[in-house]
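# Results of the structural survey
Here's the letter readout for the chains.
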Amino acid sequence: MTQILEVKKLKKYYPIKKIGRRSYVKAVDNISFSVRRGKILGILGESGCGKSTLGRVITRLEMENGGDIFFLGNNISGINYRKIKDFRQKMQVIFQNPYDSFDPRRAIIKSLEIPMKLLNIGQNRRNRIEIIMDAMERAKLTPAYDYLERYPHELSGGQLQRISMLRSMLLKPNFLVADECVSMLDVSVRAEVLNMLLQFRSELETSILFITHDISVAKYMCDRIMVIYAGKVMEIADAKELISNPMHPYTKALISYSPIISPQREKDRFTITGEVVTPIDPPAGCRFASRCPFAKEICYTEDPEMTEISPGHFAACHLID
Ligand code: SF4
């Protein structure tokens, strides 16, 4: 199966001023992974762990400090968004807040039509509107004409997020980054939005990087899940394997605290105490050591390597070594 995206040792450090020395916030630190055609990779972690930064660097909204990004076989590291002509069509992003991604002064039809026109999709305006109306009907945004002349503030968050997805999918992207795309929506409309994403994936074979803090949503959506903590990958495996057989203490804690995924695991719950390690010049060793109930001496001095536990299941923990 073709790899759409391959990320190797990606780094995103933000310099900050500290008296007497140069310091860095290490938001993304040496992260590697790949995504295959038509597959959904979940990026799972608490807020502030670097998962959104990772999405922004991959989509070229921010530039990396190190590492390589191969998209459709081309190395796109060091090239910013404006300079990659084809890239805008092939890689799309859906943000958390749909109201931020639409121009409030533009009617929906304009917001949908302009990117199509810029990328030469559709023969003329009439044809583009037909394509838009057809896509809206298929996405159950009906009657379609009822939405076209409305403005973003006249729609609910769920409706606008579905239109945001539609706008990306009209461009038939190979790859989509969905960054916490349902976290601001009411629970009642989340399933609709998630199912719409799954439908597009099957129709267009689009690969998706699905960024979320919610393990039950990740389980529902993803083929594979990568768990991130303080800018580092802790564990990556097929979704079913990761949830039924987590190996990293952090993943175990996330799963044991999810009442939807493990209602019976109350007795297995272990407490993780303390604060998330600061990403500003983080200390040597495992980033999770300050909260890990199993930490031993080596955990505070040596960064654990990623180890393959079973085919396709990797984790970084000295217990596994
Ligand atoms: Fe815990 Fe050590 Fe494993 Fe880190 S390497 S998760 S501190 S046991």
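Reading the values: rules and limits
Residues numbered from 1 in each chain as written. Predicted model: local features only at pLDDT ≥ 70, side-chain atom pairs only at ≥ 80, totals over all residues. Heavy atoms only, no water. Pairing = 2+ DSSP bridges. Helix = DSSP H or I, 4+ residues; strand = E, 2+ residues; numbered from the N terminus. Contact = heavy atoms within 4.5 Å. Axes fitted to C-alpha atoms, helices over the stretch in contact; angles between N-to-C directions. Core = buried A, V, L, I, M, F, W, Y, C linked by side-chain atoms within 4.5 Å. Buried < 20%, exposed > 50% of the residue type's maximum accessible area, 1.4 Å probe, protein only. Phe/Tyr/Trp six-rings, centres within 6.5 Å; stacked < 30°, edge-to-face > 60°. Lys NZ or Arg CZ within 6 Å of the ring centre and 35° of its normal. Near = heavy atom within 4 Å. Nonpolar A, V, L, I, M, F, W, Y, C, P; charged D, E, K, R; others polar. Right-handed = clockwise from strand over helix to strand, strands pointing away.

Attention now goes to the sheet that holds strand E2 (residues 21-36). Spatially, the four strands line up as an open sheet ordered E2-E1-E4-E5, and their pairing is antiparallel. The sheet terminates laterally at E2 and strand E5 (74-75), the two strands that pair on one side only. The sheet contact formed by strand E1 (residues 3-18) and strand E4 (residues 66-71) spans five bridges and is antiparallel. Bridging across to E4, leucine 5 finds its partner in phenylalanine 71. Sitting on the sheet, helix H1 (residues 51-58) touches E1, E2 and E4, and the angle it makes with E1 is about 115 degrees.

A few words now on the nonpolar core. By size, the foremost hydrophobic cluster in this structure holds 61 residues, and its most contacted members are Met136, Ile163, Leu166, Leu197, Phe210, Met221 and Ile225. Apart from residues lying up to four places away in sequence, leucine 166 is in contact with Leu112, Ala135, Met136, Ala139, Leu141, Met196 and Phe200. The next biggest cluster of nonpolar side chains, apart from the first, holds 28 residues, and it includes Ile31, Leu54, Phe87 and Val177.

Going through the model one piece at a time under the given rule, you end up with five aromatic pairs. Summarising the aromatic geometry, the rings of tyrosine 229 and phenylalanine 288 are spaced 5.1 Å apart at their centres and angled 80 degrees between planes, so their arrangement reads as edge-to-face. Taken together, the residues tyrosine 229 in strand E9 (residues 224-229) and phenylalanine 288 in the loop between helix H10 (249-256) and strand E11 (306-310) connect sequence positions 59 residues apart. Among the residues examined, phenylalanine 288 registers a relative accessible area of 1% and is labelled buried. The structure contains a cluster of three or more aromatic residues connected by ring pairs, namely Tyr229, Tyr250 and Phe288. Over the aromatic face of phenylalanine 102 sits the side chain of arginine 167, whose NZ or CZ is 4.0 Å from the ring centroid.

Every one of the 13 residues lining the ligand counts as a neighbour, but Cys286, Cys292, Cys299, Cys317 and His318 are closest to it. Among the residues making up the shell around the ligand, the classes are represented as 11 nonpolar, two polar and no charged.

Burial of strand E8 (residues 207-212) is extensive: six of the six residues sit out of reach of the surface. A two-sided burial pattern is seen for E8, the buried positions comprising Ser207, Leu209 and Ile211 on one face and Ile208, Phe210 and Thr212 on the other. Looking at chain direction, strand E3 (residues 40-44) and E8 are connected through five bridges and run parallel. Looking at E8, one finds that leucine 44 is bridged to threonine 212. In terms of strand pairing, strand E7 (residues 175-179) meets E8 through five bridges, oriented parallel. The residue of E8 that forms the bridge with phenylalanine 175 is serine 207. Regarding topology, helix H7 (residues 187-204) serves as the crossover connection from E7 to the parallel E8, and that connection is right-handed.

Function-wise, these values are silent; they only describe arrangement.
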